[in-house]
Amino acid sequence: MYVSCIVEDNRAAYKGFADPIRLLLFLDAYRTRQDKEGCTPLHWAAIRGNLEACTVLVQAGRKEDLMMTDNTGMTPAQLASDKNHRQVAFFLGNARRLLEKRCDGNSRIERLAKLGFAPLLWCIICLLLVTYIHSVIMASQMPNMTSWFGFFAWSGASLAFAGLVLLYRCTSKDPGYISTNVHDSQNMKDDEPLLKIEMNNPDLLAGNWSQLCATCKIVRPLRAKHCSTCNRCVQQFDHHCPWVSNCIGKRNKREFFLFLVMEVSAMFITGAVALTRMLTDPSAPSSFRAWLNYVATTHVGILGFLIADSFLFTGVTVLTAVQASQISRNITTNEMANAMRYSYLRDPGGRFRNPYDHGIRKNCADLLINGYNEDVEVNAESKARQDGIGMMHMASYLSQPNGNSHSHSYNRDSNGHAIDLGSSNSSASDHSNHN
């Protein structure tokens, strides 16, 4: 059976059929077994120039798959370049360089790399917070603040601290990992049917083979995606954020969004307080040039804080606005970037349609109150039926003659269809009787 899997895998790779490749990899087909020409499935996909097939094989493979040579001594990337498939050749070459940079995961450098930028972000926020408290709020050369202004100033520091708590929650919380189902093909009996593994899944029976994950050996939900950095499938995958060193998915998207809101609010308040303190310094000279020299020498801490705060405020505000827009429509960053690739985001006419958009109020309430959005599709048929009934009313109104008014009454049968119960016609003017 494994030999037939190898043959079919090579054939599917050459034909460019990505879904059969996913199925064969899901059933533990050998990726590196070579045929009589020395070609692996990745070689044949490169010869064909099919980028999707190459992507599936690379994501499920290892560095050695990209370095294997055929009988002529050529790697998959070299074959793609020889066949003038530039995009495929660039992808394979870049994938090889990235995999060569990766370590085995046990070295100290690799463990530090897996931390991402979260420790750096912690240091930046803490440094700005200390600078703000020392140089803005408690500056000795500044006059004392009023009670309400002091409360406003300390509220900015409190929001920044709350943002640090949410950052920790976002980093440490499970984003929605799906349990893996890896089987050992070497210990599996020859007469044991491989097709029994998840093959009764309704999604597979419906033909959604793209939901097969060859790495995790699962049939993932429709909105899930395999993260190459975490090497796990994540429910409602949004993106992998290196600044929080974690994926953003179904289970931690609320914490991520609230972290952004807290930090944007904190940067706005602290920036406004710092600018107000600097502009209202009674010791500052009146002329502009002298004032610039005074600020550059006396308020170095405030000036440095304002520059860093303004730079970060711009980027984080844009990111917060994008996330807020996506939350209001119940769509992820991954779905926005790959809208044309996912068939469930297109209507029968090929136009974009989000089946999970339940309206701004429900989308936001589900995420902020419940913590996540359920993958419940909007009943498009009922919505279309309601629109059709509305258009029928409009057409009936527009088609009536001038001076006459028609009133129709409708009822619904057990299937929800509209039934016309009758109409009444009244003339706007009385008819004259002729004798």
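Residues numbered from 1 in each chain as written. Predicted model: local features only at pLDDT ≥ 70, side-chain atom pairs only at ≥ 80, totals over all residues. Heavy atoms only, no water.

In the annotation of an unreviewed UniProt entry, the chain is listed under the name S-acyltransferase and assigned to Kalanchoe fedtschenkoi. If you open the UniProt record of the chain and go to Sequence similarities (unreviewed entry), you find "Belongs to the DHHC palmitoyltransferase family." UniProt annotates the chain under Catalytic activity (unreviewed entry) with the comment "L-cysteinyl-[protein] + hexadecanoyl-CoA = S-hexadecanoyl-L-cysteinyl-[protein] + CoA". (UniProt positions renumbered as here; feature names shortened; annotations may be inferred.)

Direction vectors running N to C along helix H9 (residues 118-137) and helix H14 (residues 300-329) enclose 140 degrees, while the axes themselves pass 9 Å from each other. Overall, the two elements H9 and H14 adopt an arrangement that is oblique. H14 is crossed by H9, and the crossing has left-handed handedness. Contacts between H9 and H14 involve Ile124, Leu128, Thr131, Tyr132, Ser135 and Val136 from the former and Gly301, Ile302, Phe305, Ala308 and Leu312 from the latter. (Axes fitted to C-alpha atoms, helices over the stretch in contact; angles between N-to-C directions. Helix = DSSP H or I, 4+ residues; strand = E, 2+ residues; numbered from the N terminus. Parallel < 35°, antiparallel > 145°, perpendicular 65-115°, else oblique. Left-handed = near helix turned anticlockwise from the far one by under 90°. Contact = heavy atoms within 4.5 Å.)

This next bit is on the nonpolar core. Ranked by size, the top nonpolar core spans 21 residues in total, and within it Tyr132, Val136, Val273, Ala274, Met278 and Ile302 carry the most contacts. Listed by contribution, the elements that provide at least two residues to this core are H9, helix H10 (147-172), helix H12 (253-279), helix H13 (288-298) and H14. When neighbours within four sequence positions are excluded, tyrosine 132 is seen to be in contact with Ile137, Ala153, Ala157, Thr270, Val273 and Phe305. Listed in part, the 20 residues of the second largest apolar core include Cys54, Val56, Val58 and Leu66. (Core = buried A, V, L, I, M, F, W, Y, C linked by side-chain atoms within 4.5 Å. Buried < 20%, exposed > 50% of the residue type's maximum accessible area, 1.4 Å probe, protein only.)

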